[in-house]
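Descriptive analysis of the structure
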Amino acid sequence: QVQLVESGGGLVQPGGSLRLSCAASGRTFSSYAMGWFRQAPGKEREFVAAVSRRGGSTFYADSVKGRFTISRDNVKNTMYLQMNSLEPEDTAVYYCAADANGNYYTLAKSRNPAVWGQGTLVTVSP
């Protein structure tokens, strides 16, 4: 089982940018479809973005499409989320997730992926 550790969260002003990283352990990182989810205070966890095992395909929630970019580096065993034009509504704890069995699309639709990181807090405020 892969272990995931998120980093890169912090405080940013509206319109600003952040890049989140998700570092994975082991040599089988490329065997997992990967994705990002987030949970805002008082709300359910929601899907943000997903990427296929080789990084060739991506899928985004409508709320972040055109602003966020997901990518992965299977040599470094790391997944990234580049977040631009951040809005206060983007404030949430961001989690990375992995799925060894499904693909990036089924991961996006899943409410309980097998492996989660601990989360990193993103706060967008003036």
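The structure presented is a predicted model; accordingly, all values stated were derived computationally and were not measured.

Basis of the calculations
- Residues numbered from 1 in each chain as written.
- Predicted model: local features only at pLDDT ≥ 70, side-chain atom pairs only at ≥ 80, totals over all residues.
- Heavy atoms only, no water.
- Salt bridge = Lys/Arg side-chain N within 4 Å of Asp/Glu carboxyl O.
- Buried < 20%, exposed > 50% of the residue type's maximum accessible area, 1.4 Å probe, protein only.
- Helix = DSSP H or I, 4+ residues; strand = E, 2+ residues; numbered from the N terminus.
- Pairing = 2+ DSSP bridges.
- Axes fitted to C-alpha atoms, helices over the stretch in contact; angles between N-to-C directions.

1. Quick look at the pattern of salt bridges
Inspection of every chain in the model, using the stated rule, returns four salt bridges. Salt-bridge contacts for Arg38 lead to Glu46; the nearest nitrogen and oxygen are separated by 2.7 Å. The exposure class assigned to Glu46 is partly exposed, which follows from its relative accessible area of 36%. Where Arg38 meets Asp90, a salt bridge forms, and the shortest distance between an N and an O atom there is 2.9 Å. A residue pair is termed long-range when its members are at least 10 positions apart, and Arg38 in strand S4 (residues 33–39) and Asp90 in the loop between strand S8 (78–83) and strand S9 (92–99) qualify at 52 residues. Looking at Arg38, the relative accessible area reads 5%, which means it is buried. On the basis of relative accessible area, Asp90 is assigned to the buried category, the value being 2%. Connected through shared salt-bridge partners, Arg38, Glu46, Arg67 and Asp90 make up one network.

2. Structural notes on the sheet that holds strand S3 (residues 18–24)
Within the open sheet, the four strands sit side by side as S1-S3-S8-S7. Their pairing is antiparallel. Across the chains shown, the open sheet's two edge strands, defined by having one partner strand only, are strand S1 (4–7) and strand S7 (68–73). If you compare each strand with its neighbour and ignore which way they point, the axes differ by 15° on average. Where S7 and S8 come together, six bridges link them in antiparallel fashion. Bridge pairing in S8 links Arg72 to Met79.

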